[in-house]
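# Understanding the architecture of this molecule
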Amino acid sequence: MRPEEIHGKKLIAVAGKDVFGKKFINVVNKEIISKNLMTIGININEEDFDFFISNLPDSKVEVTVFMPEYQKKAAIYFGKEDFLLVSYKKDGKLEFIISENEESIDDAKLFELVNNTEFI
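Only a predicted model underlies this, so the values are computations on that prediction, with no experimental measurement involved.

Cut-offs applied
- Residues numbered from 1 in each chain as written.
- Predicted model: local features only at pLDDT ≥ 70, side-chain atom pairs only at ≥ 80, totals over all residues.
- Heavy atoms only, no water.
- Phe/Tyr/Trp six-rings, centres within 6.5 Å; stacked < 30°, edge-to-face > 60°.
- Helix = DSSP H or I, 4+ residues; strand = E, 2+ residues; numbered from the N terminus.
- Buried < 20%, exposed > 50% of the residue type's maximum accessible area, 1.4 Å probe, protein only.
- Arc of directions from axis to C-beta.
- Core = buried A, V, L, I, M, F, W, Y, C linked by side-chain atoms within 4.5 Å.
- Contact = heavy atoms within 4.5 Å.
- Salt bridge = Lys/Arg side-chain N within 4 Å of Asp/Glu carboxyl O.

Throughout the structure, instances matching the rule amount to three aromatic pairs. When the centroid spacing of 4.8 Å and the interplanar angle of 15° are considered together, the rings of Phe49 and Tyr70 count as stacked. You can see Phe49 sitting in helix α3 (residues 49-54) and its partner Tyr70 sitting in helix α4 (residues 68-77), a full 21 residues away along the chain. As far as the burial class goes, Phe49 and Tyr70 line up, both buried. Ring geometry for Phe78 and Phe96: centres 4.8 Å apart, planes at 45°, overall tilted.

Moving on, we get to unusual backbone geometry. Where the residue is not glycine, phi is negative for most of them; where a peptide bond is considered, it is trans in most cases. A positive phi angle is found at Asp82, which is not glycine, with a value near 65°. Position of Asp82 relative to the elements: it lies in the loop between α4 and β4 (83-90). Positioned with a positive phi, Asp91 is a non-glycine residue whose angle comes to about 50°. Accessibility expressed as a relative area gives 74% for Asp91, which makes it exposed.

Our next topic: helix α2 (residues 23-32). Those residues of α2 not exposed but buried are Phe24, Ile25, Val28, Asn29 and Ile32. Axial view of α2: buried residues confined to an arc of 140°, hence all on one face. Facing away from the buried side of α2 by over 90 degrees, the exposed positions are Lys23 and Lys30.

Further remarks concern the nonpolar core. Counting residues in hydrophobic clusters, the biggest one holds 19 residues, and the most contacted among them are Val14, Phe24, Val65, Val86, Ile105 and Leu110. Elements supplying a minimum of two residues to this core: β1 (10-16), α2, β3 (61-66), β4 and α5 (107-114). Counting residues per element, this core draws most heavily on α2, which supplies four residues. Ile105 has contacts with Phe24, Val65, Phe66, Met67, Pro68, Gln71, Leu110 and Leu113, leaving out every residue within four places of it along the chain.

Within the structure shown, the criterion is met by six salt bridges. Residue Lys22 is joined to Asp18 by a salt bridge in which the shortest nitrogen-to-oxygen separation is 3.3 Å. With relative accessibility at 32%, the residue Lys22 sits in the partly exposed group. Close ionic contact of Glu46 with Lys73 constitutes a salt bridge, the shortest N to O distance being 2.7 Å. Of this pair, Glu46 sits in the loop between β2 (37-43) and α3 while Lys73 sits in helix α4; the two residues are 27 residues apart in sequence, bridging distant segments of the chain. Since its relative accessible area comes to 38%, Glu46 is described here as partly exposed. By relative accessible area, which is 28% here, Lys73 ends up partly exposed. Connected through shared salt-bridge partners, Lys17, Glu46 and Lys73 make up one network.

As structure tokens, then:
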């Protein structure tokens, strides 16, 4: 990914253990590019999770979609019940989309989540 591809777009991170360069992210990007949105996969090791999540409020990433392996851990970190699917910035603070169940994130689910009107 080149810097000119990112400039001016709202960044949506897909955070998981093995998501960088995954095809389903590219599929979604083709559908949302016209909305000035761009999804990027961010690989996070278990030992780096706390550092990653503690820096979300100050990062350039506007929206973070959590893969199943981090949905419960992210919810616990923010003191939420159940599973945290998405965190997003709104009016200078983080807001959340919670689920009662762990959810798989594929191209259809990612497309549904990034098209949420609350954070576009």
